[in-house]
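Chains, contacts and geometry: an overview
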Amino acid sequence: MADIVRKKVVSVEGATVRERLQAMDDSAVVTAFLGGEERAFSELVTRYQTRLLNFVYRTIGDREKAEDLVQEVFIRVYRHLHRFDRSKKFSTWVYTIASNLAKNELRNRSRNPLVLFQTVQKNFQDEDRPLQFEDPTSRPDDMYRKRHLREIVEESVAKLPEHHRNVFILRELEGKSYEEIAEITDCNLGTVKSRLNRARNSFAEIIAPYVD
Amino acid sequence: MDCREFNDQHLAFVDDTLAGIELVRMQLHLAECRSCAKQDAKVRRALLLFRNLPSIEPSADFSERLEARLKASENDNLFLTTQRNLRRSAIAATVASAMMLGYIGTTLYSDTPRDLVMPPVVATLPEPDFAPITVSAPAIVTSVSAGLTLWPAAVFAEQVPIRFANSSLELANYTR
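As the structure is a prediction and not an experimental result, all values here were calculated from the model.

Broken down by element type, chain B carries seven helices and zero strands. In chain B, the order of α-helices and β-strands from amino to carboxyl end is α-α-α-α-α-α-α. Counting all 176 residues of chain B, 6% fall into the buried class. In chain B, the share of contacts with a sequence separation of at least 24, taken over all contacts with a separation of at least 6, comes to 48%.

And the structure:
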């Protein structure tokens, strides 16, 4: 009986801590984690897992690998959070790690054509699976149109040069400021603007024949 | 505004970060240049499509897999740290044993007698025992036949620092 009561108290306390963590900004959550609150790390994972997954997936185009890389990002965050310069934004740091891992993955693929081939093959197999993004209550022809459009957009993004694509995704999908993108990609502001302008124009050119 | 300037400013124009006057100039150019208006519409439509891409969600077992990987990584770290410490201890022990064996070997089995090395001797000059001249020796006064009376000199010698006076003052004997 006493155990049950204690468990209840712990769970209530746990819920309170979780709620408190949810209300905190990133910096405060990081401080809580460094102060020994392990649940703070779960809060960081919850906040960033989807955003990072989308970013990495749009960059490398392989869903499974993207999940692996996002997990690797969190492992690195867990290991090196004590070294993180807290005068900077946590999100910028996390995206920098993710961006570097994605870049390495693309570099490895270009060095190893077999991996590239396997990835392409896997993506073909993926097409046979039902898509979870579309509303299953939609009409089949509408679903097909949406799915087709999604594929076209993804293919068009994949056609952008890597350094343009990275900047493009960070800006258009993640809504990062030019300054943050400059920090994440380790470029100066002028380069970021020029790459983004080119990426936008190229993307518009690539996709135009499909949507006109 | 010409088309080149329009293109240069287009990034800020799409992001709505242009100052008022620049914004008006861009809009005016759009109204009068069909080519730029077409390009602007093309970019905006493409961006709209991209920004509306459906978001993908992590798989259901994402958290469990992450937790497992974190645990594995912690264990790896622990294992690596232990291994590193063990390796360091082993290396240190080996080096110490080798040095000890070498020392024992050289001391036990060396045939040639080694020279006895003594610590260097530091010679020190004993502090001279100076005694102040309290009584002026009449011999000084009487022994020098310089035509001058030496008594003031003897008084002077008494007054200078004792070391100096004592080391330089000698009794002269001209009778020998």
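Continuing now.
On to the overall build of chain A. Looking only at helices and strands, chain A has 10 helices and zero strands in total. The buried share of chain A, taken over its 212 residues, is 31%. Across chain A, the fraction of contacts at a sequence separation of at least 24, relative to all contacts at a separation of at least 6, is 59%.

This part is about the nonpolar core. Among soluble globular proteins, nonpolar side chains are generally buried collectively. In terms of nonpolar packing, the biggest core is built from 48 residues, with Leu52, Val56, Val70, Val73, Val94, Ala98 and Phe203 of chain A touching the most fellow members. For this core, the element with the highest residue contribution is helix H3 (residues 39-60) of chain A, accounting for 11 residues. Excluding its chain neighbours within four sequence positions, the residues that come into contact with Phe203 of chain A are Ser156, Val157, Leu160 and Phe168 of chain A together with Ala46 and Phe50 of chain B.

Residue and element names in this part refer to chain B. Across the interface, helix H1 (residues 3-14) lies against helix H3 (residues 34-51) with an axial gap of 11 Å and an inter-helix angle of 25°. On the basis of their axis angle, the class for H1 and H3 is roughly parallel. As for how H1 packs across H3, the hand of that crossing is right-handed. Residue-level contacts link Cys3, Phe6 and Val14 of H1 to Ser35, Cys36, Val43 and Arg44 of H3.

We now examine the interface of chain B and chain A. Listed per partner, the contact involves 23 residues of chain B and 27 residues of chain A. Of all the secondary-structure elements, those providing two or more residues to the side of chain B that touches chain A are H1, H3 and helix H4 (62-109) of chain B. With eight residues, H3 of chain B is the largest single contributor of residues to the side of chain B that touches chain A. Residue composition of the side of chain B that touches chain A, by class: 13 nonpolar, four polar and six charged.

With that settled, the discussion passes to helix H2 (residues 20-32) of chain B. In a regular helix each residue adds 1.5 Å, so 13 residues correspond to 18 Å; H2 of chain B covers 19 Å between its end C-alpha atoms and thus fits that length. In terms of burial, H2 of chain B is largely open, as just one of its 13 residues are buried.

Here we come to the environment of Asn100 of chain A. Here Asn100 of chain A shows up in helix H5 (residues 90-111). Through-space distance from the C-alpha of Asn100 of chain A to that of Thr185 of chain A is 8.2 Å; in sequence the pair is 85 residues apart.

The next point concerns H3 of chain A. All names here are of chain A. Taking 1.5 Å per residue, 22 residues should reach 32 Å; H3 reaches 30 Å between its end C-alpha atoms and fits that length. Its maximal kink placed at Tyr48, H3 deviates by approximately 45°. The buried count for H3 comes to 16 of 22 residues, which makes it a mostly enclosed element. Just beyond H3, the residue with positive phi is Gly61, at close to 75°.

Let us look at the confidence of the model for chain B. All names here are of chain B. Chain-level pLDDT for chain B is 76 on average; 66% of the residues reach the 70-or-more range. Taken element by element, chain B is modelled with least confidence in helix H5 (residues 138-143), mean pLDDT 49, and with most confidence in H3, mean pLDDT 90. The low-confidence segment residues 139-143 (pLDDT under 50) makes 10 contacts with residues lying over four places distant or belonging to another chain. Confidence estimates for the predicted assembly give a pTM of 0.64 and an ipTM of 0.73.

What follows is about the environment of Leu170 of chain A. Residues and elements named next belong to chain A. Within the element layout of this structure, Leu170 appears in helix H8 (residues 162-172). For the pair formed by Leu170 and Ile184, sequence separation is 14 residues and the distance between their alpha carbons is 9.1 Å. Among residues more than four places away in sequence, those in contact with Leu170 are Tyr95, Lys176, Ile181 and Ile184.

Now for the confidence of the model for chain A. Residue and element names in this part refer to chain A. Chain-level statistics for chain A give a pLDDT mean of 80 and a share of 76% at 70 or above. The model gives residues 4-10 a pLDDT under 50, and that stretch makes zero contacts with residues more than four places away or in other chains. This stretch, residues 115-134, has a pLDDT under 50; its non-local contacts, to residues over four places away or in other chains, come to 13 contacts.

A positive phi angle, close to 60°, is found at Asp186 of chain A, a residue other than glycine. Relative to the helices and strands, Asp186 of chain A is located in the loop between helix H9 (178-185) and helix H10 (189-211). Although it is not a glycine, Asp16 of chain B sits at a positive phi angle of roughly 60°. Among the secondary structure elements, Asp16 of chain B is positioned in the loop between H1 and H2.

Below, the discussion takes up the packing of H3 of chain A against helix H4 (residues 63-80) of chain A. Residue and element names in this part refer to chain A. Between H3 and H4, the least distance of the axes is 8 Å, while the angle of their chain directions is 140°. Considering their axes alone, H3 and H4 lie oblique with respect to each other. The handedness of the crossing between H3 and H4 is right-handed. Mapping the contact onto sequence places Phe41, Leu44, Val45, Gln49, Leu52, Leu53, Val56, Tyr57 and Ile60 in H3 and Arg63, Lys65, Ala66, Glu67, Leu69, Val70, Val73, Phe74, Val77 and Tyr78 in H4. Here the contact of H3 with H4 is built from residues that sort into 15 nonpolar, one polar and three charged.

The rules behind these values
- Residues numbered from 1 in each chain as written.
- Chains lettered and ligands numbered in written order.
- Predicted model: local features only at pLDDT ≥ 70, side-chain atom pairs only at ≥ 80, totals over all residues.
- Helix = DSSP H or I, 4+ residues; strand = E, 2+ residues; numbered from the N terminus.
- Buried ≥ 20, exposed ≤ 12 C-beta atoms within 10 Å, placed from the backbone.
- Contact = placed C-beta atoms within 7 Å.
- Core = buried A, V, L, I, M, F, W, Y, C linked by C-beta atoms within 7 Å.
- Axes fitted to C-alpha atoms, helices over the stretch in contact; angles between N-to-C directions.
- Parallel < 35°, antiparallel > 145°, perpendicular 65-115°, else oblique.
- Left-handed = near helix turned anticlockwise from the far one by under 90°.
- Nonpolar A, V, L, I, M, F, W, Y, C, P; charged D, E, K, R; others polar.
- Expected span 1.5 Å × (residues − 1).
- Bend = angle between axes of the 7 residues up to and from the residue.
- pLDDT = per-residue confidence, 0-100.

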